[in-house]
Amino acid sequence: MYAIVRAGGRQEKVSVGDVLIIDKVSGEAGDAVELTPLMIVDGTTVTTDGDALAKVKVTAEVVKAAKGPKIVIQKYKNKTGYKKRQGHRQPLTQVKITAIDA
């Protein structure tokens, strides 16, 4: 059994025991987080109906906070002496899927 869930503006394929990195969610390590299911596949049965998915819970446990790779942004304009350098690291959260209750 696996599910397609919405996590941080993206869709992720998850099953019980999977560890994945999603956009930052509030909570400390060990806290439970509920993810929104978009589709459930159980053997040959595929569920995409909104009413049936409202009863389904996909729970995950926060493992730790993480950061994405460093991204360097540089702007430069020729012959004007304009240079600008900026960096960014996206805050992320590592979660482990604990249950898919269908």
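About the criteria used
- Residues numbered from 1 in each chain as written.
- Predicted model: local features only at pLDDT ≥ 70, side-chain atom pairs only at ≥ 80, totals over all residues.
- Heavy atoms only, no water.
- Helix = DSSP H or I, 4+ residues; strand = E, 2+ residues; numbered from the N terminus.
- Rg over C-alpha atoms; globule rule 2.2 N^0.38 Å.
- Contact = heavy atoms within 4.5 Å.
- Areas by Shrake-Rupley, 256 points an atom, 1.4 Å probe, with all protein chains shown as cover.
- Pairing = 2+ DSSP bridges.

Per an unreviewed UniProt entry, the recorded name for the chain is Large ribosomal subunit protein bL21, and the organism is Ornithinimicrobium faecis.

Visitor: Help me understand the overall build of the chain in this model?
Guide: Helix and strand content of the chain: one helix and nine strands. Order of helices (α) and strands (β) in the chain, N terminus to C terminus: β-β-β-β-β-α-β-β-β-β. The C-alpha radius of gyration computed for the chain amounts to 19 Å, which surpasses the reference 13 Å derived for 102 residues by more than 25%, pointing to a less compact arrangement than a globule. The principal-axis extent of the C-alpha atoms belonging to the chain is close to 65 × 30 × 20 Å. Here the analysis covers contacts within the chain between residues at least 6 apart in sequence; of these, 65% occur between residues at least 24 apart. Accessible surface, the chain: about 7,100 Å² in total, of which carbon and sulfur atoms supply 48%.

Visitor: Hey, could you run me through the pairing of strand β4 (residues 32-42) in this one?
Guide: Within a regular strand, the side chains alternate between the two sheet faces. In terms of strand pairing, strand β1 (residues 2-7) meets β4 through five bridges, oriented antiparallel. Residue pairing for β4: Ile4 is matched across the bridge by Met39. Looking at chain direction, β4 and strand β6 (residues 57-67) are connected through four bridges and run antiparallel. Paired with Ala32 across the strands is Glu61, a residue of β6. Between β4 and strand β5 (residues 45-47), which pair antiparallel in sequence order, lie two residues; one of them, Gly43, sits at a positive phi of approximately 70°.

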